[in-house]
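Coordinate inspection notes
The chain contents come next:
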Amino acid sequence: MNRLHCLGCGQAAYLRNDWCTRCQAPLGFSTEQWAFMPLDAAEARGERPCAHRDTGLCNWLVSAGDPHVHCLSCRMTTCLPALGRPEVDQPVYWLELAKRRLLLSLRELGLPALPGETRLPLRFAFLEDLPDQPPVMTGHAQGLITVNIKEADPRRRLDEQLAMGEVQRTVLGHLRHESGHFYWDEWMNEDPASLARFRDLFGDERSDYAQALADHHAQPRPWDPLQPAGMISRYALAHPWEDWAETWAHYLLMLDGLSEPDTDEAEAESASAQAPLAGDLVRHTELPALLDQWLSRARHGNALNRALGLPDVYPFVIDAGVSTKLGFIHELVRKQASSR
Ligand SMILES: [Zn+2]
Ligand SMILES: [Zn+2]
Ligand SMILES: [Zn+2]
């Protein structure tokens with residue numbers, strides 16, 4: 001059975017589903033049950049659909065007794081452009097979906113993320129460029145993750161990807177990356193031993209950050225498919241914080257990929273074929289074994305794409321330097337997950 005399924009009939013349900021493809025029940029995602037529930041069963045428990053369900057933006061539920069009209073996820077978005085325009089509604093839909101996937105992953109890893117769980121509240125602003133205003137910059141400050149909604153327009157995102165010489169650029173990748181900055185702020189200043197280890201592995205973050213980013217963006221960027229040694233991406237070269245955020249995003253990507261079942265429905269009915277929950281993987285698997293599992297899966301994806309004549313779906317190299325950095329993140333996540 002999929003880690004997400006309809007509590008009414010057991011059918012796999014995916015993040016986008018708002019009805020069950022087997023029992024046809026309208027579904028809502030219950031943050032109490034951490035599963036999709038048929039709406040009538042949810043409403044019998046006092047849960048109700050998020051106010052954004054009517055606009056097609058959200059399929060989560062508001063818990064019984066919660067006075068808000070929006071679900072936990074929608075409430076974490078504190079700023080949105082005026083909806084009701086296709087050029088805004090579509091990108092906001094993809095951003096909100098990616099945000100719910102991120103929240104799901106963080107929760108399954110055992111990491112604090114939802115309102116009330118973190119030192120600084122984690123919030124999101126999805127903004128559009130406006131005439132006569134400076135362009136909206138994607139980034140993180142004080143718990144607020146800002147993303148320019150043009151990142152959810154595939155044509156504009158591809159332009160940006162090519163201009164920056166990146167091998168991949170996704171909305172989910174942005175959110176994961178910015179969540180790395182968020183957790184760095186949450187954890188490192190409270191934990192001198194981890195901060196010292198961070199500086200050993202990633203470098204000294206006290207170098208001038210604004211200048212480092214300005215220098216990075218000022219460099220001409222010829223297309224270069226090769227990854228720098230010890231770094232998961234070219235952007236990681238910009239500053240130790242960017243290296244951390246890029247590596248963090250990659251760690252989340254791997255765990256997400258490993259928690260996604262790669263069996264068909266019939267096979268997946270047997271317990272042994274269940275995809276492990278990310279939290280169980282983190283608790284019970286050392287990083288080398290986790291990388292073995294992940295790279296085996298990635299090789300299958302690449303083989304399929306090569307046969308189709310498409311670029312590698314996983315164009316990354318995990319060398320010894322990247323592996324050591326991922327190992328540090330793995331231990332931090334373990335520590336956080338077990339302290340909750
Ligand atoms: Zn069902
Ligand atoms: Zn919602
Ligand atoms: Zn960054």
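As the structure is a prediction and not an experimental result, all values here were calculated from the model.

What follows deals with the environment of A249. Considering the arrangement of structural elements, one finds A249 in helix α8 (residues 240–259). Sequence separation between A249 and L27 is 222 residues; the distance between their C-alpha atoms is 30 Å. Residue contacts for A249: discarding those within four places in its chain leaves G173, R176 and H177.

The next thing to look at is the packing of aromatic side chains. Under the criterion given, the structure shown has 21 aromatic pairs. Ring geometry for F124 versus F126: centroids 6.1 Å apart, planes at 45°, classification tilted. A centroid spacing of 5.8 Å and a plane angle of 25° characterise the contact between W244 and W248, whose relative ring orientation is stacked. In this pair, W244 and W248 both sit in helix α8, four residues apart, roughly one turn of the helix. For the pair W244 and W248, a shared accessibility class is recorded, and that class is buried. Pairwise contacts between aromatic rings join F182, Y183, W184, W187, F198, F202, Y209, W241, W244, W248 and F328 into one cluster. For R107, the ring lying beneath its charged end belongs to W34, and the centroid distance is 4.1 Å.

Going through the model one piece at a time under the given rule, you end up with 19 salt bridges. R176 is paired through a salt bridge with D256; the nearest N and O atoms lie 2.7 Å apart. In this pair, R176 is assigned in helix α5 (residues 171–187) and D256 in helix α8, connecting sequence segments 80 residues apart. Of the two residues, R176 and D256, neither departs from the other in class, the shared state being buried. For D204, the salt bridge is made with R199, and the minimal N-O distance between the two is 3.9 Å. A relative accessible area of 25% places R199 in the partly exposed class.

Let us look at the coordination of the zinc ion (ligand 2). C50 (SG), C58 (SG), C71 (SG) and C74 (SG) make up the full set of protein donors to the zinc ion (ligand 2), lying at 2.2 to 2.3 Å. Bound by four donor atoms, the zinc ion (ligand 2) shows angles of 105 to 115° at the metal and therefore tetrahedral coordination geometry. Along the chain, the residues donating to the zinc ion (ligand 2) are arranged with the sequence spacing C-x7-C-x12-C-x2-C. In this pair, C50 sits in the loop between β3 (48–49) and β4 (61–62) while C71 sits in the loop between β4 and α2 (72–76), placing the two residues 21 residues apart along the sequence. This pair shows no difference in class: C50 is buried, exactly as C71 is.

Turning next to the nonpolar core. One finds W244, W248 and Y251 to be the most contacted residues of the largest nonpolar core, which totals 78 residues. The leading source of residues in this core is helix α3 (residues 86–108), at ten residues. Taken together, domain 1 (1–70) and domain 2 (76–338) each give at least three residues to this core, which thus spans both. The residues touching W244, leaving out its near neighbours within four places in the chain, are G180, H181, W184, M188, F198, F202, F328, I329 and L332.

Reading guide: rules and limits
Residues numbered from 1 in each chain as written. Chains lettered and ligands numbered in written order. Predicted model: local features only at pLDDT ≥ 70, side-chain atom pairs only at ≥ 80, totals over all residues. Heavy atoms only, no water. Helix = DSSP H or I, 4+ residues; strand = E, 2+ residues; numbered from the N terminus. Contact = heavy atoms within 4.5 Å. Phe/Tyr/Trp six-rings, centres within 6.5 Å; stacked < 30°, edge-to-face > 60°. Buried < 20%, exposed > 50% of the residue type's maximum accessible area, 1.4 Å probe, protein only. Lys NZ or Arg CZ within 6 Å of the ring centre and 35° of its normal. Salt bridge = Lys/Arg side-chain N within 4 Å of Asp/Glu carboxyl O. Donors = N, O, S within 2.8 Å, 3.2 Å for Na, K, Ca; no water. Tetrahedral: all angles 85-135°; square planar, octahedral: opposite > 155°, others 65-115°. Core = buried A, V, L, I, M, F, W, Y, C linked by side-chain atoms within 4.5 Å. Domains from an automatic or database assignment.

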